[in-house]
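Fold and contact review
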Amino acid sequence: MSLLALTLACRCVFQLFYSFFKSLVGKDVVVELKNDLSICGTLHSVDQYLNIKLTDISVTDPEKYPHMLSVKNCFIRGSVVRYVQLPADEVDTQLLQDAARKEAMQQKQ
Amino acid sequence: VTGDRKTRICEVSLPQNSSLCRFGDVEDGKVWKGGEWYCLSSRSGLPGWHFIPLQQPTTNTVEEPLDLIRLSLDERIYVKMRNDRELRGRLHAYDQHLNMILGDVEETVTTVEIDEETYEELYKSTKRNIPMLFVRGDGVVLVAPPLRVG
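Within an unreviewed UniProt entry, the label attached to chain B reads U6 snRNA-associated Sm-like protein LSm3, and the organism entered is Acanthochromis polyacanthus.

As annotated in an unreviewed UniProt entry, chain A carries the name U6 snRNA-associated Sm-like protein LSm2 and is attributed to Acanthochromis polyacanthus. The UniProt entry for chain A carries the following comment under Subcellular location (unreviewed entry): "Nucleus".

Next comes the structure, spelled out in structure tokens:
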């Protein structure tokens, strides 16, 4: 069973997206920040606030970045993230939908 | 509201014979989603009932605004965001903060350019497609079914 499936199988799913991101550690993602900066990198770790650590970063959108040529790893505060672009084939949409329903039910109770 | 989300009367088939029996409003107020039925009624008390447990119980009542979003899971939705952005995609997950995972997303960014001389407002929109996207909830302003065009 995938890590995500295991985590979600336990009833404590108050942190749906935290578990979801933990299952994506090691994958390449593109983080778009609220200041329009887009950073591509490998997801190293995530925490409950959805702060993100990326390794081996590179900037994707040429017009919208400061010069970060020497920066290899970075820590991104969760609150400044606008989007995270994910590899579609790494995401189990059925599992996510089921987990979202469970989370919604638990949230109500 | 699509067919499988409407309230249904629980049906449990008796193991001894092939007839179906219907419950009215189940005491616990739960209605189970299609395919498998799990009927728990403290009023039945009859021996020999087969209960087929469902993996995920859902309540069919829409009580709070977040329930409306739950109805849109696996459907296409329209999301209005801050900074004149709009998203159209398939909703795969959400939480109480309105963090969301959308698939097959089209993002539209609208900008207004004002002509210096004529003070005309020129609306420009830029679109891009993203196969799978996590959206942080603090940027979300509105969630709705997709707007019908034409």
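Anyway, onward from the coordinates.
1. Brief notes about the overall build of chain A
Tallying secondary structure elements over chain A gives 3 helices and 5 strands in all. In chain A, the succession of α and β elements from N to C terminus is α-α-β-β-β-β-β-α. Scored against the burial criterion, the 109 residues of chain A give a buried share of 44%. Of the contacts formed within chain A by residues at least 6 apart in sequence, a portion of 49% connects residues at least 24 apart. Accessible surface, chain A as shown: approximately 5800 Å² in total, 52% of it carbon and sulfur.

2. Details of the sheet that holds strand β2 (residues 38-46) of chain A
Sheet architecture is open: 10 strands sit in the order β4(A)-β3(A)-β2(A)-β1(A)-β5(A)-β6(B)-β5(B)-β4(B)-β3(B)-β7(B), paired in antiparallel fashion. Two strands bound the open sheet, and with one partner strand each, they are β4 (74-76) of chain A together with β7 (140-144) of chain B. The average undirected angle you get between the axes of adjacent strands in this sheet is 40°. Where strand β5 (residues 81-85) of chain A and strand β6 (residues 121-135) of chain B come together, 3 bridges link them in antiparallel fashion. Each residue of the ladder has a partner; that of Q85 of chain A, found in β6 of chain B, is L133 of chain B.

3. Some remarks on empty space enclosed by the protein
Where empty space is left becomes clear once a probe the size of a water molecule has been rolled over the atoms. Evaluated as defined, the whole model comprises 3 cavities of 30 Å³ or more. Taken as a whole, the second largest cavity spans an internal volume of roughly 90 Å³. E103, A104 and Q107 of chain A together with L66 and Y94 of chain B are the residues nearest the centre of the second largest cavity, which is lined by 12 residues in total. Sorting the residues of the lining of the second largest cavity by element identifies α3 (93-108) of chain A together with α1 (65-71) of chain B as the ones contributing at least two each. The dominant element in the lining of the second largest cavity, judged by the number of residues it contributes, is α3 of chain A, at 5 residues. For the lining of the second largest cavity, the class distribution of residues is 4 nonpolar, 2 polar and 6 charged.

4. Here's the deal with unusual backbone geometry
For D56 of chain A, which is not glycine, the phi dihedral falls at a positive 55°. A positive phi angle, near 50°, is found at D104 of chain B, a position not held by glycine. Considering the arrangement of structural elements, one finds D104 of chain B in strand β5 (residues 100-114).

5. Topic: the pairing of strand β3 (residues 76-81) of chain B
Residue and element names in this part refer to chain B. As paired strands, β3 and strand β4 (residues 85-94) are joined by 6 bridges and run antiparallel to one another. Across the sheet, K80 pairs through a bridge with E86, a residue of β4. Pairing between β3 and β7: 4 bridges, direction antiparallel. Within β7, the position partnered with Y78 by the bridge is A144.

Cut-offs and rules
In every chain, residue numbers begin from 1 and rise along the written sequence. Key to labels: chains lettered from A, ligands numbered from 1, both in the order written. The predicted nature of this model means local features are confined to residues of pLDDT at least 70 and side-chain atom pairs, given and counted, to a pLDDT of 80 or more, with totals for whole chains, interfaces and linings taken over all residues. Only hydrogens and water are set aside when side-chain values are computed; all heavy atoms of the structure are taken into account. UniProt positions are given in the numbering used here, feature names are shortened, and annotations may be inferred rather than shown by experiment. Only DSSP runs of H or I reaching four residues or more are called helices, and only runs of E reaching two or more are called strands; each is numbered from the N terminus. Buried, partly exposed and exposed residues are distinguished by accessible area as a fraction of the type maximum, computed with a 1.4 Å probe on protein chains only: under 20%, between the cut-offs, and over 50%, respectively. Throughout, a contact is declared for two residues whenever any of their heavy atoms are within 4.5 Å. To measure how exposed things are, a 1.4 Å probe is used in the Shrake-Rupley method; for residues, cover is taken only from the protein chains shown. Strands pair, by our definition, only if DSSP identifies at least two bridges between them. Angles here are taken between N-to-C directions and fall from 0 to 180 degrees, while the axes themselves are lines fitted to C-alpha atoms, restricted in helices to the stretch in contact. In this analysis a 1.4 Å probe is tested at points of a 1 Å grid over the protein atoms alone, and where it fits but cannot get out there is a cavity; an open set with protein on both sides within 12 Å along at least five of seven lines is a pocket; lining residues have an atom within 4 Å of a point. Grid points are joined across faces, edges and corners, and a volume is the space filled by probe spheres set on the points. By the convention adopted, Pro, Cys, Tyr, Trp, Phe, Met, Ile, Leu, Val and Ala count as nonpolar, Lys, Arg, Asp and Glu as charged, and the other residues, Gly among them, as polar.

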